[in-house]
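# Descriptive analysis of the structure
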Amino acid sequence: MRSWNIPKESYLTTVLLASLVTLSPFAIDTYLAAMPVMADFFGVHLSVIELTITLYFLGFALGNFFGGPLSDSFGRKTIALCGIGLYGFSSLMISISTNIEVILVLRVLQAFGGGFATVTSNVFISDWFEGKQVARLVTITSMMMMLAPLMAPVIGSFLILHFGWQSVFYFLFGFSCVLFLVFSLFVSESRDAALITRKLTGRQLVDKYRAFFQDRQSIIFLFSISLSMSGMYIFITSASFMYMEFFGINAKYFPYLFAANIILNILLSFLNTYLLKYFRPRYILRAGMLLQLVAGVILLVTVRMNEPSFWGVFLGVVLFIGSLGLVFGNGTAVILNHNPKVSSSANAAIGITRFVLGFLMGSIIALFHADDLVPIGTAMFLCTLAGNVMYNIGMRQKAHVEVSGY
């Protein structure tokens, strides 16, 4: 019988693994411009619609928590397909729902499925590769993931303008159907068949995470990159308010403002793949975090002006988000290479921590909604400052263990 599975080293494999991590950017960024319209449609304050973003972060974290260990027991491909299926079903139900409370619940389920699928992407990579190859491929998938937010607002704005906000979720449903079919046909299982037990007890679930969280070095770097990433989620939650309400930017220009963040992120991701030929991931990570700290200072100073400058905020945000092209891939590689025996739990812990922090930060901003940008800019600055402090603590640990490629 002919096998449809493609070689793990192929470009198509990388694209398909990257497609798994595009599920969540599409679920978030395609309808950012529609949030004011949705607030009017449901007759609620914009802060309630912002909760559909922060609740997605929570559901995604839960999906990561269970998806990582379950992929050890049931296989990466099985868990990925289950996640894609739940994501697609929830998207379809959101598109036909007329109750905001139901949509909030469905967003959690959609995110849970997205977490299931996304957590397996880097684990496929860590199963098949090691060392600097992991950093390179994680950076490539992260870079391709950032293409989704580049296209998503444009796609979303077109759909919203011509077909209404519901069409965004029909699009997500269709995308998940295509991904499910192609992934099931062309991607092979990376988990060793002898290790797939198809069972997982509560104790085993806890033990898988305990092995990771017992390593102090890993925890420090985990919170370092998670805090840096959580600043981005604060921006995502507040983007429509910042640009469309506070600065009065027309909705048709919103995708271009959003795209600027992604373009710099992609350019720095390309630079990162080159720098990895000469430097270890942790040193490039340091440079990225310092760049983000500079962006945080720009934002803090700008939002505290009597009349905040649009270009000051725009520049600060672009540098803040763009710097993650040097942060996320290298930070993930540092942690995964340090924990090869519990790679799935380590990768899940990365997703859980950054999205839980994103949920907490975004919820605080949404629930304590202000009429100015001071809370947003201050919170983003504090996130990057804390991330840099954690990185310095980690580098000074006397118990640091040098690992090849680490």
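Residues numbered from 1 in each chain as written. Predicted model: local features only at pLDDT ≥ 70, side-chain atom pairs only at ≥ 80, totals over all residues. Heavy atoms only, no water.

- The name given to the chain in an unreviewed UniProt entry is Multidrug effflux MFS transporter, with the source organism recorded as Reichenbachiella agarivorans.
- Looking at the chain in UniProt, the text filed under Subcellular location (unreviewed entry) is "Cell membrane".
- Recorded in UniProt under Sequence similarities (unreviewed entry), the annotation for the chain is "Belongs to the major facilitator superfamily. Bcr/CmlA family." (UniProt positions renumbered as here; feature names shortened; annotations may be inferred.)

### Describing the overall build of the chain
- When its secondary structure is counted, the chain shows 15 helices and zero strands.
- A fraction of 85% describes how many contacts in the chain between residues 6 or more apart in sequence connect residues 24 or more apart.
- In the form shown here, the chain has an accessible surface area of approximately 16,200 Å², with 68% of it arising from carbon and sulfur atoms. (Helix = DSSP H or I, 4+ residues; strand = E, 2+ residues; numbered from the N terminus. Contact = heavy atoms within 4.5 Å. Areas by Shrake-Rupley, 256 points an atom, 1.4 Å probe, with all protein chains shown as cover.)

### Focus on the packing of aromatic side chains
- Using the criterion set out here, one finds 25 aromatic pairs in the structure.
- When the centroid spacing of 5.1 Å and the interplanar angle of 35 degrees are considered together, the rings of Phe112 and Phe116 count as tilted. Of this pair, Phe112 and Phe116 both sit in helix α5 (residues 100–128), four residues apart, which is roughly one turn of the helix.
- Owing to a relative accessible area of 21%, Phe112 belongs among the partly exposed residues under this scheme.
- Relative accessible area serves as the criterion here: at 10%, Phe116 is assigned to the buried category.
- Taken together, the ring pairs in this structure connect Phe235, Phe241, Tyr243, Phe246, Phe247, Phe254, Phe258, Phe310, Trp311 and Phe314 into an aromatic cluster. (Phe/Tyr/Trp six-rings, centres within 6.5 Å; stacked < 30°, edge-to-face > 60°. Buried < 20%, exposed > 50% of the residue type's maximum accessible area, 1.4 Å probe, protein only.)

### Some words on a nonpolar patch on the surface
- A contiguous nonpolar surface patch, about 550 Å² in accessible area, is contributed by Leu271, Tyr274, Tyr278, Phe279 and Tyr283.
- The topology assignment puts Tyr278 in the loop between α10 (254–275) and α11 (281–303). (Patch = residues over 30% accessible without salt bridge, like charges linked within 9 Å, V, L, I, M, F, W, Y side chains within 5 Å. Salt bridge = Lys/Arg side-chain N within 4 Å of Asp/Glu carboxyl O.)

### Focus: the confidence of the model for the chain
- The share of residues in the chain with pLDDT of 70 or more is 84%, and the mean pLDDT across the chain is 81.
- Taken together, the stretch residues 398–406 has pLDDT below 50 and engages in 19 contacts with residues farther than four places along the chain or on a different chain. (pLDDT = per-residue confidence, 0-100.)

### With respect to the side chain of Asp29
- Within the element layout of this structure, Asp29 appears in helix α1 (residues 11–29).
- Buried within the structure, Asp29 lacks any salt-bridge partner; its nearest side chain of opposite charge belongs to Arg107, at an N-O separation of 8.5 Å.
- Apart from residues lying up to four places away in sequence, Asp29 is in contact with Pro149, Ala152, Pro153, Ile236 and Phe258. (Lys, Arg positive; Asp, Glu negative; His and termini not counted.)

### Notes on the environment of Ala333
- In this fold, Ala333 is placed in helix α13 (residues 324–338).
- Here the alpha-carbon distance between Ala333 and Arg282, two residues 51 residues apart in the chain, equals 8.7 Å.

### Section: the nonpolar core
- If you look at the biggest cluster of nonpolar residues, it comprises 108 residues, and the most contacted ones within it are Phe183, Phe235 and Tyr243.
- If you tally residues by element for this core, the top one is helix α9 (residues 216–246), at 14 residues.
- If near-sequence neighbours (up to four positions away) are discounted, Tyr243 is found in contact with Phe235, Gly248, Ile249, Phe254, Leu257, Phe310, Phe314 and Val317. (Core = buried A, V, L, I, M, F, W, Y, C linked by side-chain atoms within 4.5 Å.)

### Observations regarding the environment of Leu385
- Tracing the backbone through its elements, the reader meets Leu385 in helix α15 (residues 374–395).
- Distance from Leu385 to Leu290, taken between C-alpha atoms, is 9.1 Å for residues 95 residues apart in sequence.

### Some points on helix α12 (residues 310–322)
- Here α12 is 13 residues long and its end C-alpha atoms lie 18 Å apart, about the 18 Å a rise of 1.5 Å per residue gives.
- Of all 13 residues in α12, 11 are buried; the element is thus mostly enclosed.
- Among the residues of α12, Phe310, Gly312, Val313, Phe314, Gly316, Val317, Val318, Leu319, Phe320, Ile321 and Gly322 are the ones counted as buried.
- Of the residues flanking the start of α12, the one acting as N-cap is Ser309, its side-chain oxygen 3.3 Å from the backbone nitrogen of Trp311. (Expected span 1.5 Å × (residues − 1). Polar contact = N/O pair within 3.5 Å; in protein donor to acceptor, adjacent residues only side chain to side chain.)

### Some details on the side chain of Arg107
- Tracing the chain through its elements places Arg107 in helix α5.
- Polar side-chain contacts of Arg107 include one of 2.9 Å to the backbone oxygen of Ala27.

### Some details on the packing of α9 against α15
- It is the contact of α9 with α15, at a shortest axis distance of 8 Å, that shows an interaxial angle of 165 degrees. On the basis of their axis angle, the class for α9 and α15 is roughly antiparallel. For the element pair α9 and α15, the recorded crossing hand is left-handed.
- The residue inventory of the contact of α9 with α15, partitioned by class, reads 17 nonpolar, eight polar and no charged. (Axes fitted to C-alpha atoms, helices over the stretch in contact; angles between N-to-C directions. Parallel < 35°, antiparallel > 145°, perpendicular 65-115°, else oblique. Left-handed = near helix turned anticlockwise from the far one by under 90°. Nonpolar A, V, L, I, M, F, W, Y, C, P; charged D, E, K, R; others polar.)

### Quick notes on the environment of Gly387
- With respect to the secondary-structure elements, Gly387 resides in helix α15.
- Judged by its relative accessible area of 0%, Gly387 falls in the buried class.

### Topic: the packing of α10 against α12
- Interaxial distance between α10 and α12 falls to 8 Å at its minimum, and their mutual angle equals 40 degrees. For the pair α10 and α12, the sense of crossing is right-handed. On α12, the residues touching Leu257, Ala260, Asn261, Leu264, Asn265 and Leu268 of α10 are Phe310, Phe314, Val317, Val318, Leu319, Ile321 and Gly322.

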